[in-house]
Amino acid sequence: MEQEKIPQRWIIHCDCNSFFASVELLSHPELKNVPVAVCGDPDGRHGIVLAKNEAAKKYHIQTAETIWQARAKCPDLTLLAPHREKYRYYYTVINAIYQEYTNRVEPFSIDESWLDITQGWHLFAQSPKALGDELRRRVREETGLTISAGVSFNKVFAKMGSDYKKPDATTYIGPENYREVLWPLPVGDMLFVGKSAAARLQMMGIRTVGELAAADPKRLAEAFGKLGAELSRYARGQDAAEVRRWGESEPIKSVGNQTTFRRDLRGTADIRAGLAALSDEVAGRLRRHGLWAGAVQVTIKDTQLKSIQRQKQLPMATHLARTIESAAWQLVHDNWDITRPIRLLGVTALALSNEPFAVQQSLFDDAPKADPKREALEKSLDAIRGKYGKNAIAGAYVLKNEIGLDGLAIQEGGAAENDDDTGRQLTKGPLGQK
């Protein structure tokens, strides 16, 4: 066996294989070798694929595509309903295993975590890669699930290692072989390079991770801003981000909620009702976290599943639903043909701060001021909901509505392997985004 060169740090990224589907198959072992997809209600409007097993992947079924699209590829596809409480249970069990080896365990999502094993790997295994194998063995034997592990000297390369070979594999990427292993990969395989960024890079003549590493950092920064400079460093193996300790939270960068409605929204009344309910949920969560929003973003998806996002700065940071809804409505009014039906709406609070601030937009006008009466009212609503439940009190727009607003307060999302298009988001720092 070739002797590994030990760098300053050793990090393992562990990724559960087909997590949602694998958890569901624990209760349906007879389906292990047939194509299976976990999805929302096949007869409802949330009927999209949330996850699929290895057999379904052979049919090129994609996460987030509609059930009818998936069944067009695989008519015999078996559909299973999601059970989020099971996913949370196994998330807890698996991360408890990781914590037996290090206190630096940082979840990337409900099915992925980084482990910094620099200080103690030699207490448990002959090499960092051997410890990756040990983690795979324990998770498989103690839960019935499998993980893939990437072992490397930084977080980005460890994550790319866990993606390199699946399922149930350990990939070692060290300072002596990362050019050979990672640089020939398509640039779209680089962590944080999405489809849009990959297309732009290819237009710049950058088609592989190695070409990204060799590209002029100034050129990348001109094309992508701060992200361009970061991608240049990542491709060259210069990621220095630490693995956080278990339970150590990252700064929250945004708070949002979005939903696909029971029926299409048509006209001003429908849209404003949807925005009001979403804004109420977002504002309540801002207050619970002690945060104020300096900007608001709306997401709109039409009946052809095409989306737009628009955002605007607020004159004064806020955590009040009325202010957020007003800004969201202005964005919709200015950027959308109100006569066009809307399938999905999202409202996201951005530019978050720990205290309110005002922006004086003119030398001749006073800076905007807070609204203490509205503040007191919305905090009273928080208290009532805290005591009697989230659905104890709501605006008139929720009562007897036909678009599904009553479900907003209890919808879950965000901390999932692959969410459907209804869900909450708490977006965190650069290596806390997925």
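Residues numbered from 1 in each chain as written. Predicted model: local features only at pLDDT ≥ 70, side-chain atom pairs only at ≥ 80, totals over all residues. Heavy atoms only, no water.

A closer look at the nonpolar core
Core analysis: the largest hydrophobic core is formed by 32 residues, its most contacted members being Ile12, Phe19, Phe20, Tyr98 and Leu135. When contributions to this core are tallied by element, the ones reaching two or more residues are β1 (11-16), α1 (19-25), β3 (49-52), α4 (84-99), α5 (128-143) and β7 (147-152). Per element, the largest residue contribution to this core is 5 residues, and it comes from α4. Of all hydrophobic cores here, the second largest spans 28 residues; its members include Val255, Leu275, Leu286 and Trp329. (Core = buried A, V, L, I, M, F, W, Y, C linked by side-chain atoms within 4.5 Å. Buried < 20%, exposed > 50% of the residue type's maximum accessible area, 1.4 Å probe, protein only. Helix = DSSP H or I, 4+ residues; strand = E, 2+ residues; numbered from the N terminus.)

A closer look at the packing of aromatic side chains
Scanning the entire structure with this criterion turns up 13 aromatic pairs. Between Tyr89 and Tyr90, the ring centres sit 5.0 Å apart and the planes meet at 80 degrees, which makes this aromatic pair edge-to-face. Taking the centre distance of 6.1 Å and the plane angle of 35 degrees together, the rings of Tyr91 and Trp246 count as tilted. Here Tyr91, found in helix α4, pairs with Trp246, found in the loop between α11 (226-235) and β9 (254-265); they are 155 residues apart in sequence, far enough to count as distant. Judged by its relative accessible area of 22%, Tyr91 is partly exposed. Taken together, the ring pairs in this structure connect Phe153, Phe157, Tyr178 and Trp183 into an aromatic cluster. Note that Lys155 overlies the ring of Trp114, its terminal NZ or CZ placed 4.4 Å from the centroid. Positioned above the aromatic ring of Phe224, the side-chain terminus of Arg200 is 4.4 Å from the ring centre. (Phe/Tyr/Trp six-rings, centres within 6.5 Å; stacked < 30°, edge-to-face > 60°. Lys NZ or Arg CZ within 6 Å of the ring centre and 35° of its normal.)

With respect to empty space enclosed by the protein
Which parts of space are left empty comes out when a probe the size of a water molecule is rolled across the atoms. Scanning the entire structure with this criterion turns up 1 cavity of 30 Å³ or more. Counted as a void, the largest cavity has a volume near 50 Å³. Around the largest cavity, the lining residues are Cys16, Phe19, Tyr90, Tyr91, Ile94, Asn95, Tyr98, Ser109, Ile110, Asp111, Glu112 and Ser113. Taken together, the elements giving at least two residues each to the lining of the largest cavity come down to α4 and β6 (112-116). Looking at which element gives the most residues to the lining of the largest cavity, the answer is α4, with 5 residues. Residues of the lining of the largest cavity, tallied by class, amount to 7 nonpolar, 3 polar and 2 charged. (1 Å grid on protein atoms, 1.4 Å probe; cavity = no way out; pocket = protein on both sides within 12 Å on 5 of 7 lines; lining within 4 Å. Points joined across faces, edges and corners; volume = space filled by probe spheres on them. Nonpolar A, V, L, I, M, F, W, Y, C, P; charged D, E, K, R; others polar.)

Looking at the sheet that holds β3
The strand order across the open sheet built from 3 strands is β3-β2-β4, with neighbouring strands paired in mixed fashion. In the strand order of this sheet, the two ends are held by β3 and β4 (78-80), each with one partner. Direction aside, the axes of adjacent strands within the sheet are offset by 35 degrees on average. (Pairing = 2+ DSSP bridges. Axes fitted to C-alpha atoms, helices over the stretch in contact; angles between N-to-C directions.)

Considerations on the pairing of strand β8 (residues 170-173)
Judged by which residues are buried, β8 turns out to be covered on both faces: Thr170 and Tyr172 on one side and Thr171 and Ile173 on the other are all buried. At this point the chain moves from β7, through helix α6 (residues 155-164), to the parallel β8, and the crossover so formed is left-handed. (Right-handed = clockwise from strand over helix to strand, strands pointing away.)

Some points on helix α12 (residues 267-288)
Relative to the 32 Å expected for 22 residues at 1.5 Å per residue, α12 spans 32 Å between its end C-alpha atoms, a close match to the ideal helical length. With 17 of its 22 residues buried, α12 lies for the most part within the structure. One or two positions beyond α12, positive phi appears at Gly290, with a value near 65 degrees. (Expected span 1.5 Å × (residues − 1).)

Examining the layout of surface pockets
Of the volumes computed, that of the second largest pocket is approximately 420 Å³. What lines the second largest pocket is a set of 16 residues, among which Ser22, Leu25, Lys32, Gly144 and Thr146 lie closest to the centre. Elements with a minimum of two residues in the lining of the second largest pocket: α1 and α2 (54-57). Residue composition of the lining of the second largest pocket, grouped by class: 6 nonpolar, 7 polar and 3 charged.

Some points on the side chain of Glu112
Here Glu112 shows up in strand β6. In terms of polar contacts, Glu112 uses its side chain to reach the side chain of His13, at 3.1 Å. (Polar contact = N/O pair within 3.5 Å; in protein donor to acceptor, adjacent residues only side chain to side chain.)

Quick notes on the confidence of the model for the protein chain
Low pLDDT means the predicted coordinates in that region are not meant to be read closely. Mean pLDDT over the protein chain works out to 83, with 79% of the residues at or above the 70 mark. Confidence over residues 407-424 falls short of pLDDT 50; this stretch has 66 contacts with residues more than four positions distant or in other chains. (pLDDT = per-residue confidence, 0-100. Contact = heavy atoms within 4.5 Å.)

Regarding the pattern of salt bridges
Per the stated rule, a full pass over the model turns up 19 salt bridges. The salt bridge involving Lys159 is made with Glu112; its shortest N-O contact spans 2.6 Å. Here Lys159 is found in helix α6, whereas its partner Glu112 is found in strand β6, with 47 residues between them in sequence. Accessibility assignment for this pair places Lys159 and Glu112 in one class, buried. Close ionic contact of Asp133 with Arg136 constitutes a salt bridge, the shortest N to O distance being 3.0 Å. One end of the pair is Asp133 and the other is Arg136, both in helix α5 and 3 residues apart, which spans about a single turn. (Salt bridge = Lys/Arg side-chain N within 4 Å of Asp/Glu carboxyl O.)

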